[in-house]
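# Tertiary structure, described
Next come the chains, spelled out residue by residue.
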Amino acid sequence: MVVDEMPIASFQAPHAEAPRALRSTTSSQLPAPPAAQLFNIRVALSSDAHADSGALVRRMYAWRGYSFENSAVGAPGKLTLYAETGGELVGTMSLCLDHGKSLPADENFRDRLDILRRQGRRLAEPSRLAIDAGMSKRVFASLIHISFLYAHRLHGYTDYVIEVNPRHVAFYQRMLGFADCGGERACSRVGAPAVLLRLPLDEMGTRIRRWGGSFEQHAGERSFYPYFFSAWDEPAISARLVALCRAGERA
């Protein structure tokens with residue numbers, strides 16, 4: 001039974017970011033902007049979709065020199081999203097919901113996560129984020145936004161925690177608002193050092209309400225939030241997400 005044919009959300013964006021024109025190029029010589037493509041965000045409910053998403057992550061990890069450990073398809077508390085255009089997979093991410101010291105980050109940062117748990121925080125961990133080179137920023141932003149709706153709006157989780165390579169820390173701090181939560185440690189899963197970062201999801205919600213859907217009006221805002229969906233889009237996306245996940249449970 002195929003239950004993940006219909007997308008959770010769709011949007012049009014350039015396949016790749018428009019290149020900057022050379023200073024010597026006149027207005028009549030400027031290259032035509034790339035044609036807008038239709039991107040779809042879907043839930044990976046079938047085994048084939050999980051396999052394709054895993055293959056993209058494996059390819060991106062190998063390109064960076066990281067190891068990759070496969071996981072069981074449809075693991076409890078795990079949601080896998082993917083982005084496609086024209087039938088081609090171009091982005092994916094997984095979201096793990098905490099069910100008592102069950103997050104991937106517990107392997108290296110359990111002491112730090114337990115502090116948050118004792119404070120009553122409910123943790124979720126985005127992981128295995130992979131985006132093909134040249135994709136629109138909206139692909140990245142859309143995957144993160146839909147994972148936020150699933151974790152925070154639908155299930156009441158309060159915080160995102162992520163493990164990232166030290167050289168990527170500044171990117172996640174600047175582009176999404178994460179903060180250091182555990183310092184740098186060795187990560188055995190990918191064979192590289194990792195830093196634990198945290199973002200309270202109510203803060204993410206505030207940024208979405210302020211900036212979401214405004215990338216054409218706020219070109220000066222450097223974070224990814226203008227590329228998120230607008231707050232007006234959230235109810236319809238959430239309803240579609242609920243329906244698809246329920247369908248997957250019945251499959």
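Residues numbered from 1 in each chain as written. Predicted model: local features only at pLDDT ≥ 70, side-chain atom pairs only at ≥ 80, totals over all residues. Heavy atoms only, no water.

### Some words on helix 5 (residues 201–211)
The line we're drawing: Remark: exposure states derive from per-residue accessible area (1.4 Å probe, protein chains only) relative to the maximum for the residue type, with buried under 20%, exposed over 50%, and partly exposed in between. A helix here means a DSSP run of H or I that spans at least four residues, while a strand means a run of E at least two residues long, and both kinds are numbered starting from the N terminus. The arc under discussion is defined with respect to the helix axis, by the directions toward the C-beta atoms.
Burial in helix 5 covers these residues: Leu201, Met204, Gly205, Ile208 and Trp211. Here the buried residues of helix 5 occupy an arc of 150° about the axis, which is enough to place them on one side. Exposed and facing more than 90 degrees away from the buried side of helix 5 are Arg209 and Arg210. Just beyond helix 5, the residue with positive phi is Gly213, at close to 75°.

### Regarding the pattern of salt bridges
What counts is decided by this rule: Here, a salt bridge means any Lys or Arg side-chain nitrogen found within 4 Å of an Asp or Glu carboxyl oxygen.
Using the criterion set out here, one finds nine salt bridges in the structure. A salt bridge links Arg42 to Glu84, with the shortest nitrogen-to-oxygen separation between them at 2.7 Å. Separated by 42 residues along the polypeptide, Arg42 in strand 2 (residues 36–43) and Glu84 in strand 3 (residues 78–85) bring together distant segments of the chain. A residue is classified by how much of its surface remains accessible, and Arg42, at 12% relative accessible area, is buried. A relative accessible area of 8% places Glu84 in the buried class. Taking the shortest distance from any N to any O, the salt bridge between Asp98 and Arg117 comes out at 2.7 Å.

### Structural notes on the side chain of Ser223
Rule in force here: For the purposes of these results, a polar contact is taken to be a pair of N or O atoms within 3.5 Å, where, inside protein, one atom must be able to donate a hydrogen and its partner to accept one; residues adjacent in sequence count only when each atom of the pair is a side-chain atom. Two residues qualify as a contact provided that any one of their heavy atoms is within 4.5 Å of a heavy atom in the partner residue.
The topology assignment puts Ser223 in the loop between helix 5 and helix 6 (234–250). Among the polar contacts made by the side chain of Ser223, one reaches the side chain of Glu221 at a distance of 2.8 Å. Excluding anything up to four places from it in sequence, Ser223 contacts Arg174 and Met175.

### Overview of the nonpolar core
What counts is decided by this rule: Buried residues of nine kinds, namely Ala, Val, Leu, Ile, Met, Phe, Trp, Tyr and Cys, make up a nonpolar core once their side-chain atoms join them within 4.5 Å.
Counting residues in each nonpolar core, the largest one holds 52 residues, and the members touching the most others are Ile146, Tyr160, Leu176 and Met204. Apart from the residues lying within four places of it in its own chain, the contact partners of Met204 are Ile144, Phe148, Tyr160, Leu199 and Tyr225. Membership of the second largest hydrophobic core comes to ten residues, among which are Ala105, Leu113, Leu116 and Leu196.

### A closer look at the confidence of the model for the chain
Heads up, the condition is: A score between 0 and 100, pLDDT records how confident the predictor is in each residue.
On average, residues of the chain carry a pLDDT of 78, and 73% of them reach 70 or more. Considering each helix and strand of the chain separately, the mean pLDDT is smallest for helix 1 (residues 47–64), with a value of 47, and largest for helix 5, with 96.

### Concerning the packing of aromatic side chains
Spelled out, the test is: Pairing of aromatic rings covers Phe, Tyr and Trp, the last counted by its six-membered ring, and requires centre-to-centre distances within 6.5 Å; plane angles under 30 degrees mean stacked, over 60 mean edge-to-face, and any other angle means tilted.
On inspection of all chains with the given rule, the structure shows nine aromatic pairs. Between Phe140 and Phe171, the ring centres sit 6.1 Å apart and the planes meet at 85°, which makes this aromatic pair edge-to-face. Pair noted here: Phe140 is in helix 3 (residues 137–154) and Phe171 is in helix 4 (residues 169–176), with a separation of 31 residues, a long-range link. The class for Phe140 is buried, based on a relative accessible area of 8%. Cluster of aromatic residues (ring-pair linked, three or more members): Phe140, Phe171, Tyr172, Phe178 and Phe224.

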